[in-house]
Amino acid sequence: MTAFRKDIDRRTSMKWMASMAATVLSASAGTYETLAADAYGEESSTWPALTLKRITGPGYGTDPDLVSPKTPWPLTLSTEEKLLLTRLSDLICPEDSGGPSASHVGVVSVIDEWVSAPYRSQQNDRMLVIPGLQWVNEEAQRRSGRSFLDSSNKQQEAILDAIAYADKGFGEELKMPKRFFSKLRQLVFGAYFSSPEGMKDIGYMGNVPIEGPWPGPTREALEHLNTVLENLGYKPEPIPLVQE
Amino acid sequence: MAELNGFEYDVVVVGSGAGGGMAAYTLTKEGLRVLMLEAGRDYDPIEETPMFQTNAEAPLRGTSNKDKNFGYYDATVDGGWQVPGEPYTMAEGTKFMLWRARMLGGRTNHWGRLVPRFGPYDFKPKTRDGYGEDWPIDYDEIEPWYDKTDHLIGVCGDNPGVDNIPDVTEGVMQPAPEPRVMEILLKKACESLDIPVVKMRRAVMTEDKGDGRSPCFWATNCGRGCSIGAAFQTTTSLIPFAKATGRLKVVTDAMVKWVHTGEAGQANAVTYVDRQTGKDVKLKAPRVVLAPSATETARILLNSKSKKYPNGLANSSGQVGRNLMDSTGAGVSGHVPAMQGRPRYNEDGHTGNHYYVPWWGYQDQAKGKLNFPRGYHFEFGGRFSEPNIWTGGGVDGYGKKAKQAVRDKYGSSIGFSLRGEMVPNENCYCEIDSEVKDKWGIPVLKFHWKWAESEIKQVEHGLKWGEKIIKAMGGVVTSPKRTGEEAILAGGQIIHEVGTTRMGDDPKTSVTNKHGQTWDVDNLFVMDGGVFVSSPHQNCTITIMALAMKNATWMSKQIKRGVL
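What you see is a predicted model; the values in this text were computed from it and never measured. Residue indices follow the written sequence of each chain, beginning from 1 at its first position. Each chain is given a letter, starting from A, and each ligand a number, starting from 1, according to the order in which they appear as written. It should be noted that, the model being predicted, local features are given only for residues of pLDDT at least 70 and side-chain atom pairs only at 80 or more, the latter also being counted only at that level, while totals for whole chains, interfaces and linings use all residues. As a rule here, side-chain values come from all non-hydrogen atoms in the structure, and water together with hydrogens is ignored.

**Quick notes on the pattern of salt bridges**
Working step 1: By salt bridge we mean one thing: a side-chain nitrogen of Lys or Arg within 4 Å of a carboxyl oxygen of Asp or Glu. All told, the structure shown has 35 salt bridges over all chains when counted by the stated rule.
Working step 2: Residue D63 of chain A pairs with R41 of chain B through a salt bridge whose shortest N-O separation is 2.7 Å. On the criterion of chain membership, the pair formed by D63 of chain A in the loop between strand 2 (31-34) and helix 2 (79-92) and R41 of chain B in the loop between strand 4 (34-37) and helix 2 (45-48) is interchain, its members lying in two chains.
Working step 3: For D63 of chain A, a relative accessible area of 32% translates into the label partly exposed. Runs of H or I in DSSP of at least four residues are treated as helices and runs of E of at least two as strands, each being numbered from the N terminus. Residue exposure (1.4 Å probe, protein chains only): buried if accessible area is under 20% of the type maximum, exposed if over 50%, otherwise partly exposed.

Right, dumping it as structure tokens:
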């Protein structure tokens, strides 16, 4: 069974809501698991009880080629998961005047590589991301009877609004979805801003060889620093008249 | 004179890092012929260093994992906190971390290149405060060797005129880079607290020395190694310089396990495991210099048991493996809101600290004002570094606002790494594990470790002052409140392990004399951090090298005089 659950239709979902239903599908075993009613209330969907197998196997080893890096492990996300990640990534990191959207710079592939990596930390993240994607869909089904991707922008944003803010939604049932979102956001922004386009966006200007002495801070950077220094009651820094 | 495949040699040097590299360089320059044995594989920094590769090109955006503990691009080969098939063990209740590298040049290929000298106080700690032991040498005796070493390897820095930071002779050091914006703010804040902030001395060349290496071009992290030779490592300097004399032969994948002795008790051979074939190879050794790292030296000596030396070689004092020290370590971090969205410029610099905070409490300690005996320094981080997978951490929400928040926060975080001195104590040592062997069949080390109250109190002082400095910078502290015991890092974690074969004036309480010559075996020397008597907060590598140069020079004189 894939992580996606297209078989849950709107009517089923409505029925669950109406009856405060106590059943969810266990994706791994394909069986119905009974849960207490208070764990599946009107507040939100229950965190999917998936039994995911950790990806193990060799990584790149202790002596990989540093000059021409390669990723040896296979990618594992399904097309549905990647489509959903594409939308979520762009909701998290949309195109704006500073730079393109996350998906535009290949963030989804980076996340696929990440959650497919045979390392403990990445597999811990996989245990959040895969059920998290399923939760997002189930929550969309619960709210509107449609998958997340089939939901309206407003409906999609409403779901993210419930899990994207540290000071909102303290309910126990949102603990895991919020952890998932926090991890996903970190991966999306990390992958975006470390991409060539993202580095340009954030203004990283290093990694270029410079001949002669290090040029030091620019006039503009020093002027800004001086306002900070003055506000703290410190003597401003003299600004060199000529800078290379 | 012994011979291997037509190469005749006077001395076997075990190890090719800071100590072994300098020993081999010095001996060959003195006209002696050296066979160097390195446990790791051959390594060519010119071909193998990723100089401009970005995180985006590396698996997992270059982030660290069990295969590459310091990230994908870190130079360390076949090593890190664990070496597959080559374990170490720990006594119950001990947490100790041992960093190893299995490559030519060892850990000099990726180290931080911080080269503060030990000061006059540091060689006479017992005289100063009653703890530990004094060194058998003083600052004046080693000063010319520091000068020669600094000049040879290429060091940038200046003379700040601060207590216990000795002035370097004019003309020895190269100019160090100006501070970055955050480092200027750090200096102003610390001045308001009456704490010094000075330029960091680093083994990074900033001017051409005409020896084939190039000066720093202010890009790519030194931890990757340096293909242009600006950031010092033995594989771009001491080893090729020594090879150029025609008197050095290097054998890699040669993991030494025993030093053999003859009837008179002199060293006369070594056995190494050829890591390619797994087979033992025994070589004649007219004289032996051990420099495979403090802990590995202890391991070889303790494993080299014989009828004459039942407790291990050069161990009549029982001190081999004892007095193990590391630097104390702890971190404090913060965020400076006023620095959010600050104007961008290229802040790579030499990719290390341009400024740092040296220990400022010597006089207070002399007056008995502090409740711990030894000092620490703060290394400082806060710059526009290359974005990585963690760059988006710590923002709330999503969408354009969150994206802008990541941009704003970039370059506004600061971090302090405390690195302090520990006093040797009887609970910190290594010995041979009686049961566990590595995949080569060599008995492994078992570590014992317990921080003493003096180190915990020192760290508590550091946590308090780190927070004070962050606040004086207009920042907010982001690291959690911790006790000293919670904050102090594990033994070995700072990778400054020293002291296992300490030098001294008394054969009963030390393993070598002040020349690194073992008391028990005339033709056996130790030239790594094992000979340290104390472990000042100043990073250890430059002193390992200065001592190796000094002691290898003395050794060669003895050989030439025919007494060795």
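**A few points about the UniProt feature "domain: Glucose-methanol-choline oxidoreductase N-terminal" (unreviewed entry) in chain B**
Working step 1: Taken from the UniProt record, the annotation "domain: Glucose-methanol-choline oxidoreductase N-terminal" (unreviewed entry) applies to residues 140-326 of chain B.
Working step 2: Spanning residues 140-326 of chain B, this segment combines 23% helix with 17% strand, and its end C-alpha atoms are found 25 Å apart. UniProt positions are given in the numbering used here, feature names are shortened, and annotations may be inferred rather than shown by experiment.

**Overview of the sheet that holds strand 19 (residues 524-526) of chain B**
Residue and element names in this part refer to chain B.
Working step 1: For two strands to be treated as a pair, DSSP must find at least two bridges joining them. Taken together, five strands build an open sheet; the order of strands is 7-4-3-11-19 and the sheet is parallel. If you trace the sheet from one side to the other, it starts and ends with strand 7 (248-251) and strand 19, each paired once. Between one strand axis and the next, the sheet turns through 20° on average, direction left out of account.
Working step 2: The contact criterion used is simple: two residues touch if any of their non-hydrogen atoms lie within 4.5 Å. Angles here are taken between N-to-C directions and fall from 0 to 180 degrees, while the axes themselves are lines fitted to C-alpha atoms, restricted in helices to the stretch in contact. Running over the sheet, helix 8 (residues 294-303) touches strand 3 (11-14), strand 11 (288-290) and strand 19 and is turned about 130° from strand 11.

**Observations concerning the UniProt feature "domain: FAD-dependent oxidoreductase 2 FAD-binding" (unreviewed entry) in chain B**
Working step 1: As annotated in UniProt, the feature "domain: FAD-dependent oxidoreductase 2 FAD-binding" (unreviewed entry) corresponds to residues 10-40 of chain B in the numbering used here.
Working step 2: Split by type, residues 10-40 of chain B is 39% helix and 26% strand. Its first and last C-alpha atoms lie 23 Å apart.

**Details of the packing of aromatic side chains**
Residues and elements named next belong to chain B.
Working step 1: Within 6.5 Å between ring centres, the rings of Phe, Tyr and Trp (the latter by its six-membered ring) count as paired, and their orientation is classed by plane angle as stacked under 30 degrees, edge-to-face over 60, tilted in between. Scanning the entire structure with this criterion turns up 39 aromatic pairs over all chains.
Working step 2: Taking 5.4 Å as the distance between ring centres and 70° as the angle between the ring planes, the aromatic pair formed by F378 and F416 counts as edge-to-face. Placement of the pair is F378 in strand 14 (residues 376-381) and F416 in strand 15 (residues 413-420), with a sequence separation of 38 residues. Of the two residues examined, F378 and F416, each falls in the buried class.

**Points about the confidence of the model for chain B**
Working step 1: Taken residue by residue, chain B gives an average pLDDT of 98. The fraction at 70 or more is 100%.
Working step 2: This prediction of the complex comes with two scores: 0.93 for pTM and 0.95 for ipTM. Predictor confidence is given residue by residue as pLDDT, running from a minimum of 0 to a maximum of 100.

**Regarding helix 13 (residues 541-561) of chain B**
Residue and element names in this part refer to chain B.
Working step 1: Multiplying 1.5 Å by the residue count of a helix minus one yields the expected span of that helix. Helix length check: helix 13, at 21 residues, gives a terminal C-alpha distance of 30 Å against a target of 30 Å (1.5 Å per residue), a fit within 8%.
Working step 2: With 17 of 21 residues buried, helix 13 is to be regarded as a mostly interior element.
Working step 3: Looking one or two residues past helix 13, G562 carries a phi angle of roughly 80°, positive in sign.

**Points about the pairing of strand 10 (residues 279-284) of chain B**
All names here are of chain B.
Working step 1: One ladder, built from six bridges, connects strand 9 (residues 267-274) with strand 10; its direction is antiparallel. The partner of D274 across the bridge, within strand 10, is K279.
Working step 2: Once strand 9 ends, the chain turns through four residues before running back antiparallel as strand 10, passing G278 with a positive phi of about 75°.

**Quick look at the sheet that holds strand 10 of chain B**
Residues and elements named next belong to chain B.
Working step 1: Taken in spatial order, the three strands line up as 8-9-10 in an open sheet, and their pairing is antiparallel. The open sheet is flanked by strand 8 (254-261) and strand 10, the only strands paired with a single partner. Between one strand axis and the next, the sheet turns by 25° as a mean value, whatever way the strands run.
Working step 2: Across seven bridges, the pairing between strand 8 and strand 9 is antiparallel. In the strand pairing of strand 9, A254 is matched with D274.

**Describing unusual backbone geometry**
All names here are of chain B.
Working step 1: The backbone of R113 sits at a positive phi, close to 60°, despite the residue not being glycine.
Working step 2: Tracing the chain through its elements places R113 in the loop between strand 5 (89-90) and helix 3 (120-123).
Working step 3: Residue classification places R113 among the buried residues on the basis of a relative accessible area of 0%.
Working step 4: The residue N164 is not glycine, and still its phi comes out positive at about 65°.
Working step 5: Looking at where N164 falls in the secondary structure, it is placed in the loop between helix 5 (139-153) and helix 6 (181-192).
Working step 6: Note on N164: relative accessible area 7%, which makes it buried.

**Section: the interface of chain B and chain A**
Working step 1: Of the residues lining the interface, 79 residues belong to chain B; the matching set on chain A comes to 77 residues.
Working step 2: Here the quantity called buried area is the total loss of accessible area, with a 1.4 Å probe, experienced by two parts when brought into contact, counted for both. Roughly 6,400 Å² is buried in total at the junction of chain B and chain A, and carbon and sulfur atoms are behind 63% of that figure.
Working step 3: Considering only the side of chain B, the residues that lose the most area to chain A are L60, Y398 and K403 of chain B, jointly responsible for 13% of the buried surface there.
Working step 4: In this assembly, chain B and chain A are joined by five salt bridges.
Working step 5: Polar contacts, as used here, are pairs of N or O atoms within 3.5 Å; protein pairs need one atom able to donate a hydrogen and one able to accept it. Residues neighboring in sequence count only if both atoms are side-chain atoms. One can count 37 residue pairs in polar contact (both at pLDDT 80 or more) joining chain B with chain A.

**Section: the nonpolar core**
Residues and elements named next belong to chain B.
Working step 1: Here, the term nonpolar core denotes a set of buried Ala, Val, Leu, Ile, Met, Phe, Trp, Tyr and Cys residues that are joined through side-chain atoms within 4.5 Å. Core analysis: the biggest nonpolar cluster contains 224 residues, and L37 and M473 have the highest contact counts within it.
Working step 2: The element that contributes the greatest number of residues to this core is helix 13, accounting for 10 residues.
Working step 3: Listed in part, the six residues of the second largest apolar core include L114, V162, I165 and V198.

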